[in-house]
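Listed below are the residues making up each chain.
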Amino acid sequence: MLRPHTLFLASVLAHFTCYVHGQQDLHCGHQGSLDPELISRAMAAVDLRDGIRYVKTRVVIAAIDDGMGGTTLAAQHADVQRDLDHANEIFAASGTQIQFQVCAPYEVVVDQNLYNVGGDLSIFNLYREPGFVNVFYVRQLPGGFEGSGGFDIASVIFSTQRPDILVHELGHVLGLQHTFGPDELVDGSNCLTSGDGICDTPADGGYYLPGVHIDLSTCTYIATETDANGDLYSPMLNNIMSYSPCAKDAFTPGQGQLMRYVLDSVMTYLLQTPNGVAIEPFPLAFCAHDEAYPVSATPLPGALSGPFVQDATLVHAGNAGNTGYVIHTPTQLPDPGLFELVDAFNLPEALFPPFTLPQSTDSLRQSFRAGRDGGYSRVEVRLASDVDLSYRLRLYQGTDLDLVLLHDTIAPWPGPGEHLVPFAIPQTVQCISGTDYSFVVTANAPFTVFPLVSGYIEQATNNLSPYSVWFNTRVWTEMPCQQAIRYYTIKAVPERPVLNVPLALCHADDSQIVPLSAPDGNTASTFLLNGLTTEGFNGLDLGIGTHLLQHIYTIDGCTDTLSQAFSVEGPVPFVYPDIPAIVCSEDAPFVLGAEPDLGVFLVNGQPTEILDPQQLGLGTHVITHVHENALDTITFTDQQCCPDLYTFNAFLTVGTTAWQAFIPQFAGELAELRIGLELFGFQRTLAVHLRAGQGLGGPILLADTIDTNEHDGRFFNGAALPMVPGNEYTWSVERLDADEGGVQPFLRYSPFDAYPQAASFAPGVDGDMALWFQELITQRFVCTDSTQIDVAVEICTGVEELTRPSLGVYPNPFQSQLTLQGLTEAASFSLHGADGRLLEQGVLQASPTNTLDLGHLASGTYLLRLWTSLDTRPRSIPLVKVPGQ
C-alpha cells in the first residue's frame, strides 16, 4: 500500500477548523461551506447495499525517545482499543451499519513532530496509508485541541474520561459536521443549509455552559436562547457531533444515512468489505493472577495467535506488565475472489465544493503510481463539455519518453455539464504495485478538466497544472486485510509494602505500630498479622520469634498480597565467667568481661571496664552489664499532601511567604521536608522555617536560608528534630531574591479537600487549599537489656577461722555426685575449672547432707570454694572427677 509523501494541500488544512468553547470539548473538524446539493443527494438516496460496511482502519501511535533506550507513547495500545470498542458500540447502537476493523498491528512511530503536532497538520500525511481510515494518537495538537478529523485522517489525544473523542472525529471523517449553527432555525426550514445540514438533527445554537444552559445533574437543557424566529432551542445533548458536556452516545438516522452515502458513493477509495473478521470483545485489562480467559472469533474455522495465547485462551500468570494482543486469521477468506477497488485517486473532500482550477484543453496527460496488484477495470476522470463529442483515453506504462501503450479506448459524451467519465480497461491489462503509469485524454473538440487543490496523489504530474486532476483508477484484486487484531493489558500491580515496620522489634517494646502503606492508587487495604486482621501491634505482646505481616490491597481493580516477615528479638544470653562473687580487698584490678563480648559495664552506676577491689573497698558492690542491640532504622513519609491529585499554581513573588501546617501521625525524628516548588532553573534565595503550632506566630524550631534552582525543594535533611504525634507544626518558605524578570516560581497546591488536618496559606489564593509537601521521619529500633551482678570485696587473711564448723566432702575423687556433710548454716559455693573459670555457683542449705549433681562435667581437676557468714574468706577444696564405670 502506498504511503504518500506529497503536500498536504491547502484546502484540506482550511477545513480543519478547531473550536475552543469555555469548558467545552476541544475538537477539530470540517467547517466551512457545505455542499447542499451533495447532502440533498445523500438524504434522497436509497441505500444500495444491505448489511454492515466493515471499514478497514489503521492505527498509528506517536512516540518519542525517552532518553533511556526506550520510548514514551502518546497512548497505550489497550487505551486505543478502548476507544475503538466504544466507537463500534455507538456506531452499532445508532444503526449506522458501519464498523471499523483494524487488521494489522498498531504502528508506533518515533517522531517528535508527530508526538507534539504544531501548527502544520501535514505531518499526518507523511504516515498516512491510502485506502484506510488512518487513526493517529498524539500527545499534542495545535491550540490545545483534543482531536481533529477530515478526509481519511482522525487524530486524537487520549483521555481517560473521554472515550467519545475518537467517535466524534470518525464522524468528521465520514462527512459529519458539528450539530451547532447560529443561523439554524428550530422549525427546520433551513436544515439543509445550516447547522450540520441534516434535517433530523434538532437545531442547535451552540449554547453549552453548565449551570447556565445545561443542568449537568440531569443533563437537561435549561437555556432560554432562541433562533431568529424566537423559537427556543432544544438540541440533542447526547449527539456525538455536538459540543454538549453531557455523555454523548448517539447519531441520528440521518447522520447514519449520510455516512453510508459518503462511504458508498464519495469516499469509494476507502477499503470496506461486506463481511467482517471479528474477535469477540473481552476485557481490555487482566490482573496477573487472573485465570486464563477463553477467546472466540468469527468467522470460523480460523487461527488465534498472540504472545500470550495458548489454545484459544489468554494466559496471564507470569506476564504482568505486558501489552498483549490477539490476531484472528480465518482459515477461509470471508471475501474470496476479486473485488473492484479504487487504487490511485485524486478526489475532493467529501462534503465541500471542490477547490478546483478548471482548464479548457484538447489534450490531458496525467501520471500516477499504482498502489496494488491486479487487473485494471476502468479509469474515471472528471470532465466537462457543452458540445457533443467523444473522449479518447490511452493508458500507458511509464511517464515520459519511456511510455508503453497498454490500452486505447473511447467513452461517448455523457451530456452537458461535469461528469466523472468512465473509461473501460480490460482486466487483462495488469496493474503492478509501485509502477508508474500515465493516461492521455483527447477529444474531437476542446473540453474542461479539473485540477484539484484539495486532493492526495502519490508521485503525480500533468501537462496543464501543478495540481493533479480529479480522477481515480479501479482494479480487480483480492480484498486485503482479512484478519482482525485486538489489544489488551496484563496489569502489573505495584508493590505496596508496609513502610513503618522494621526488620526486628524488641521483646520489651510496648510502642504500638499502626501499619502504614503508600496510599497511591489503593482502593482497598487490609493488614493481616500471623493470619489475623490487625490494626496495630507491638513487640511485647507478640513474643519472641518470627512473625508474618501481610498487606492485601487493590489497585486499578487488581488485588495483590505483599508479605513481610519480621522478628521479635529476645535478650542476648550472656555469661560472666571472669567475674567472681567474692574478691579479696588486696586483689589486683581485672578487666570486666562478658561472653559474647558485647555491651558496657557500670560499677555502682559508673561506667568502667576495670574492677579494682582496692579502690572499691570492703562490702557488696553492684556491677551492671548493659547491652543495646540496634535492630533497624527506617525512614518513611509520615504526612503528605496532594502528589497524586491535579494541582494548581501559587506564585511566590519577591518578599512573599507561603506556609502549611501539619500534624505528625508517628513519633520519630524529622528526616526531611519536601516542598512542591518550581523554580524553572532560576537561582533563588529562600528562607525556610519550621515552627511549633499553626501559622507564623509560633517559636522557630528549625531555620535555613538557601540558594537553589532545584525543582521540588528538599529541606532540613538530617535535622533529627523529634516530631511529636498530635502536635501541630508549620513550615514556611519566603522568597528573598531580587526579581530578575524571569518566570515567577510557584508552589503547587490543591483546591480540593485533600489534606484537611491543618490550615495553609499561599499568596494570591483564597479559600481552602493545601500546599504540596511531604514530611519524612526516621525511626530507630533498639533492644536494651541489663544484667545485675553482686560482687563482695572481703579481707582475705590466709588464717583459717577456729569457729568454722568442720565439713566433710566425699567421695573425692568422684564420678557424678558430690556429698557435702556437716553444714550447720547456709553456705554459698562456686565451682571453678582448672583455669579459674566459674562453672557453677549457688547456695547450700544448712543440713547434715547436701548433694551436688556434677555428672555433666568432664573428667579433670576442679576447685570448690565455700563460705558461710562466719567465714572471712572462702574455703578452697580441690576436687578430682573421674570417668564413671
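Report follows, based on the coordinates. Please read all numbers here as calculations on a predicted model, not as lab measurements.

About the criteria used
Residues numbered from 1 in each chain as written. Predicted model: local features only at pLDDT ≥ 70, side-chain atom pairs only at ≥ 80, totals over all residues. Heavy atoms only, no water. Helix = DSSP H or I, 4+ residues; strand = E, 2+ residues; numbered from the N terminus. Rg over C-alpha atoms; globule rule 2.2 N^0.38 Å. Buried < 20%, exposed > 50% of the residue type's maximum accessible area, 1.4 Å probe, protein only. Contact = heavy atoms within 4.5 Å. Lys, Arg positive; Asp, Glu negative; His and termini not counted. Charge placed at Lys NZ, Arg CZ, Asp CG, Glu CD. Disulfide = S-S within 2.5 Å. Pairing = 2+ DSSP bridges. Phe/Tyr/Trp six-rings, centres within 6.5 Å; stacked < 30°, edge-to-face > 60°. Lys NZ or Arg CZ within 6 Å of the ring centre and 35° of its normal. Salt bridge = Lys/Arg side-chain N within 4 Å of Asp/Glu carboxyl O. Polar contact = N/O pair within 3.5 Å; in protein donor to acceptor, adjacent residues only side chain to side chain. Axes fitted to C-alpha atoms, helices over the stretch in contact; angles between N-to-C directions. Parallel < 35°, antiparallel > 145°, perpendicular 65-115°, else oblique. Left-handed = near helix turned anticlockwise from the far one by under 90°. Nonpolar A, V, L, I, M, F, W, Y, C, P; charged D, E, K, R; others polar.

1. Concerning the overall build of the chain
Summing up its helical and strand segments, the chain has nine helices and 61 strands in all. Expected size for 885 residues packed as a compact globule is a radius of gyration near 29 Å; at 45 Å, the chain overshoots this value by more than 25%. Taken along the three principal axes of its C-alpha coordinates, the chain extends 160 × 75 × 50 Å. For the chain, the proportion of its 885 residues judged to be buried stands at 50%. For the chain, long-range pairs separated by at least 24 residues make up 72% of all intrachain contacts whose partners lie at least 6 apart in sequence. Taken together, the 36 basic and 97 acidic charged side chains of the chain have centroids lying 8 Å from each other.

2. Concerning the state of the cysteines
Taken as a whole and judged by the stated rule, the model has six disulfides. Between the sulfur atoms of Cys191 and its disulfide partner Cys199 the distance amounts to 1.8 Å. Of note, the bridge from Cys191 to Cys199 carries an S-S torsion of about 70° and is right-handed in sense. Overall, Cys191 belongs to the buried group, its relative accessible area being 9%. Residue classification places Cys199 among the partly exposed residues on the basis of a relative accessible area of 42%. One disulfide in the model links Cys506 with Cys783; its S-S distance is 2.0 Å. Here the S-S torsion is close to 50°, and the disulfide linking Cys506 with Cys783 is therefore right-handed. Residue Cys506 is found in strand S31 (residues 504–506), and its partner Cys783 is found in strand S54 (residues 773–794); the two are separated by 277 residues along the sequence.

3. Focus on the sheet that holds strand S15 (residues 293–294)
Strand order across the open sheet formed by three strands is S15-S19-S18, with antiparallel pairing between neighbours. Taken across any chain shown, the strands that pair with only one partner, and hence form the sheet edges, are S15 and strand S18 (309–310). Pairing geometry for S15 and strand S19 (residues 313–314), over two bridges, is antiparallel. In the strand pairing of S19, Pro294 is matched with Thr313.

4. Let's talk about the packing of aromatic side chains
Each pair of aromatic rings is reported with the distance of its centres and the angle of its planes. Across all of its chains, the model carries 30 aromatic pairs by this definition. Between Phe124 and Phe136 the ring centres are 5.0 Å apart and the planes differ by 50°, which places this aromatic pair in the tilted class. Here Phe124, found in helix H5 (residues 123–126), pairs with Phe136, found in strand S7 (residues 133–137); they are 12 residues apart in sequence, far enough to count as distant. Summarising the burial analysis for this pair, Phe124 and Phe136 share the class buried. Judged by centre distance (5.6 Å) and plane angle (25°), the rings of Phe151 and Tyr269 are stacked. In this pair, Phe151 is assigned in the loop between strand S8 (147–150) and strand S9 (153–156) and Tyr269 in the loop between helix H7 (253–266) and strand S12 (272–273), connecting sequence segments 118 residues apart. The class for Phe151 is buried, based on a relative accessible area of 2%. Given a relative accessible area of 3%, Tyr269 falls into the buried group. By the ring-pair criterion, three or more aromatic residues cluster together here, those being Phe368, Tyr376, Tyr437, Phe439 and Phe471. Just above the ring of Trp470 sits the side chain of Arg382; from NZ or CZ to the centre is 4.2 Å.

5. Focus: the side chain of Glu678
Here Glu678 lies in strand S45 (residues 677–678). Among buried Asp, Glu, Lys and Arg side chains, Glu678 stands out as unpaired, with Arg748 the closest opposite charge at 5.7 Å. A polar atom in the side chain of Glu678 sits 2.7 Å from the backbone nitrogen of Phe680.

6. Describing the sheet that holds strand S33 (residues 532–533)
Spatial strand order, S31-S35-S34-S32-S33: five strands in an open sheet with mixed pairing. Here the strands that pair on one side only, and so sit at the sheet edges, are S31 and S33. As defined by bridge partners, strand S34 (residues 545–555) adjoins strand S35 (residues 558–569) across 11 bridges and the pair is classed as antiparallel. Among the inter-strand pairings, Thr546 is bridged to a residue of S35, identified as Ser567.

7. Here's the deal with unusual backbone geometry
For the bond running from Glu595 to Pro596, omega is 0°, close enough to zero to count as cis. Relative to the helices and strands, Pro596 is located in the loop between strand S37 (590–591) and strand S38 (600–603). The amide bond that connects Tyr810 to the next residue, Pro811, takes the cis arrangement and shows omega of -15°. Considering the arrangement of structural elements, one finds Pro811 in the loop between strand S55 (808–810) and strand S56 (817–823). Not every positive phi belongs to a glycine, and Gln97 is a case in point at roughly 60°. Take Gln97: it is sitting in the loop between helix H3 (77–93) and strand S5 (98–102). Gln97 gets classed as partly exposed once you look at its relative accessible area, which sits at 29%. Of note in this structure, Cys481 is not a glycine but carries a positive phi near 65°. By the element assignment, Cys481 lies in the loop between strand S29 (471–478) and strand S30 (484–491).

8. A word on the side chain of Gln257
Topologically, Gln257 is positioned in helix H7. Look past the residues within four positions of Gln257 in its chain and what remains in contact with it is Ala42, Met43, Ala44 and Ala45.

9. Focus on the packing of H3 against helix H6 (residues 164–173)
At their nearest, the axes of H3 and H6 sit 8 Å apart, and the two run at 60° to each other. The angle between the axes of H3 and H6 places the two elements in the oblique class. Both H3 and H6 take part in a crossing whose hand is right-handed. Contacts between H3 and H6 pair Asp83, Leu84, His86, Ala87, Ile90 and Phe91 from the former with Asp164, Leu166, Val167 and Leu170 from the latter. Looking at the contact of H3 with H6, its residues break down into seven nonpolar, one polar and two charged.

The values are spatial; any link to function lies outside them.
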